[in-house]
Amino acid sequence: MHPTITDYSLDEFEHWCISKGHKPWRATQVFEWVYRHLETDINRMTNLPVNFRKTLINTFSVLGTVIKETHTDQDQTRKILFKLSDGHAIETVYIPADNDYTLCLSSQVGCVLGCRFCATGAMGIVRNLTSGEIVSQVLHVRQLTQSDTHGNIVFMGMGEPLLNSGAVLEAIQRITHADGMAWSPRRITVSTAGIVPEIKRLGELETGVNLAVSINAPDDATRTRLMPINKKYPLKQLMAALEAYPLLSRQQYITCEYVMIHGLNDTPAHAAKLIRLLNRRRFKINLIPFNTVSFGRFRSSEPEVIHTFQNLLKDAGYGVFIRNSRGSGIHAACGQLAGYSTSS
Ligand code: SAH
Ligand code: SF4
């Protein structure tokens, strides 16, 4: 198996060039091709000497993922199923909107946290993705959609990004690097189930990326029932970590994600508790109607129930958005990603 160029930082790649007797600035040229021009065919990197290109081709692959299948839903949401070099599969979702788009990236194959409502959680953890496999998802989708603008990147696909912080942070550095894709950190959101020490660490790094937290229930008993990680990091600790997370501008909020499950967390009493929990802090709230998964007995809250819940939170002064499922026709909606083909 060849190593992948997208797994290297510019520094590391310069060192590799030097170690093989090439000029260090060849690394910058390669990175410009990959990250600026989205060119991943080494043969087309025409300003590189032919012998250097040959060495690169014999030593590396550029991307860490291969597209296996793509599916497009009626609402134009696209799910891309990728194969990794060891045969595992992950999914990335492209969600277009008026003049904008959102890319939903995976950070792990599976997830160890086993939230009761989530298809990725039901898989268990298989392994962490490398930084190159994360960056490759972005490069592939940009090539595929021929987008020359920067949409939003959300780490809301398969996996818990803060249990793979090393690779996720490296990938973010590569995506935001001024000499490369120069993606604004303001357009990147890391979503976590609430890994308290990692939230603190991410905050201290002051990367400027947005944080989303899957709160999903306003009290410890309900939350532990839905999300076993709540036993380890209960709401009091989680809220303290969020309180300390630096918001670098007046426009920045922490997003509270809340999956609406019939009869479980969706009553006015739950809304009142959630308002007390959030305690006027700088949150915006995304209500996500539960998407069906193939196991368990949960179902989504009724639309009227969701509206009542929304209005109660709005009356308390929060911006509250209902994230209607995109891509549910192709099993690409939140919580439905499990790395399997929908055509087989
Ligand atoms: N592990 C991270 C990011 C991936 S999950 C996290 O938990 O935040 C992304 C979002 O999908 C989370 O907010 C999660 O609560 C939500 N989700 C999971 N399963 C779902 C389902 N079946 N229906 C709707 N949303 C779901
Ligand atoms: Fe993992 Fe997030 Fe799914 Fe929970 S909701 S099992 S943390 S991917």
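Everything below is about the structure printed above this text.
These numbers were taken from a predicted model, which means no experiment stands behind them. (Residues numbered from 1 in each chain as written. Chains lettered and ligands numbered in written order. Predicted model: local features only at pLDDT ≥ 70, side-chain atom pairs only at ≥ 80, totals over all residues. Heavy atoms only, no water.)

Among the 21 residues in the neighbourhood of ligand 1, the closest are listed as F117, S191, S214, E257 and N291. Contact between ligand 1 and E160: a nitrogen atom at 3.2 Å from a side-chain N or O atom of the residue. Residue S191 places a side-chain N or O atom 2.7 Å away from an oxygen atom belonging to ligand 1. Taking a 2 Å distance to the grid points as the criterion, the majority of the atoms of ligand 1 fall inside the largest cavity. Class assignment of the residues belonging to the shell around ligand 1 gives a composition of 11 nonpolar, 8 polar and 2 charged. (Near = heavy atom within 4 Å. Polar contact = N/O pair within 3.5 Å; in protein donor to acceptor, adjacent residues only side chain to side chain. 1 Å grid on protein atoms, 1.4 Å probe; cavity = no way out; pocket = protein on both sides within 12 Å on 5 of 7 lines; lining within 4 Å. Sits in = over half its atoms within 2 Å of the grid points. Nonpolar A, V, L, I, M, F, W, Y, C, P; charged D, E, K, R; others polar.)

What follows covers unusual backbone geometry. Of note in this structure, E206 is not a glycine but carries a positive phi near 45°. Judged by relative accessible area, which is 51%, E206 ranks as exposed. Of note in this structure, N216 is not a glycine but carries a positive phi near 65°. You can call N216 buried: its relative accessible area is 2%. (Buried < 20%, exposed > 50% of the residue type's maximum accessible area, 1.4 Å probe, protein only.)

One open sheet accounts for 10 strands, arranged β1-β2-β3-β4-β7-β8-β9-β10-β11-β12; its pairing is mixed. Two strands lie at the open edges of the sheet, namely β1 (65-72) and β12 (319-322), each paired on one side alone. Ignoring strand direction, the axes of neighbouring strands in this sheet form an average angle of 20°. Of the strand pairs in this sheet, strand β7 (residues 152-155) and strand β8 (residues 188-192) are connected by 3 bridges, and their pairing is parallel. Directly across from F155, in β8, lies its bridge partner V190. Sitting on the sheet, helix α12 (residues 303-315) touches β10 (254-260), β11 (283-289) and β12, and the angle it makes with β12 is about 165°. (Pairing = 2+ DSSP bridges. Helix = DSSP H or I, 4+ residues; strand = E, 2+ residues; numbered from the N terminus. Axes fitted to C-alpha atoms, helices over the stretch in contact; angles between N-to-C directions. Contact = heavy atoms within 4.5 Å.)

Reported here for the largest pocket is a volume of approximately 1000 Å³. Lining the largest pocket we find 38 residues, and of these T102, V154, M156, N286 and R323 sit closest to its centre. Here the lining of the largest pocket is built from residues that sort into 18 nonpolar, 13 polar and 7 charged. By volume, the second largest pocket amounts to about 200 Å³. Looking at the second largest pocket, the residues that line it are S9, L10, T28, F31, E32, Y35, E170, Q173, R174, H177, D179 and G180. Secondary structure elements with two or more residues in the lining of the second largest pocket: α2 (25-36) and α6 (165-176). (Points joined across faces, edges and corners; volume = space filled by probe spheres on them.)

Let's shift gears to the nonpolar core. In terms of nonpolar packing, the biggest core is built from 105 residues, with F13 and L242 touching the most fellow members. Among all residues touching L242, those that are not within four sequence positions of it are I199, L211, V213, I215, I254 and F283. (Core = buried A, V, L, I, M, F, W, Y, C linked by side-chain atoms within 4.5 Å.)

Around ligand 2, the neighbouring residues are C111, L113, G114, C115, F117, C118, G121, G159, E160 and A193. Among the cavities detected, the one that contains ligand 2 is the largest cavity. Classifying every residue of the shell around ligand 2 by side-chain character gives 6 nonpolar, 3 polar and 1 charged.

This brings us to the environment of P228. Examined against the element boundaries, P228 turns out to sit in the loop between α8 (220-226) and α9 (229-232). Sequence separation of P228 and H22 is 206 residues, and the distance between their C-alpha atoms is 51 Å. Not counting residues up to four positions away in its chain, the partners in contact with P228 are L113, G114, C115 and R116.

On to the packing of aromatic side chains, then. Tallied over the full model, the rule gives 10 aromatic pairs. Ring geometry for F13 against F31: centres 5.8 Å apart, planes inclined by 35°, an arrangement best described as tilted. Pair noted here: F13 is in helix α1 (residues 10-19) and F31 is in helix α2, with a separation of 18 residues, a long-range link. Accessibility expressed as a relative area gives 0% for F13, which makes it buried. Overall, F31 belongs to the buried group, its relative accessible area being 9%. The positively charged end of R282 is found above the aromatic ring belonging to Y253, 5.3 Å away from the centroid. (Phe/Tyr/Trp six-rings, centres within 6.5 Å; stacked < 30°, edge-to-face > 60°. Lys NZ or Arg CZ within 6 Å of the ring centre and 35° of its normal.)

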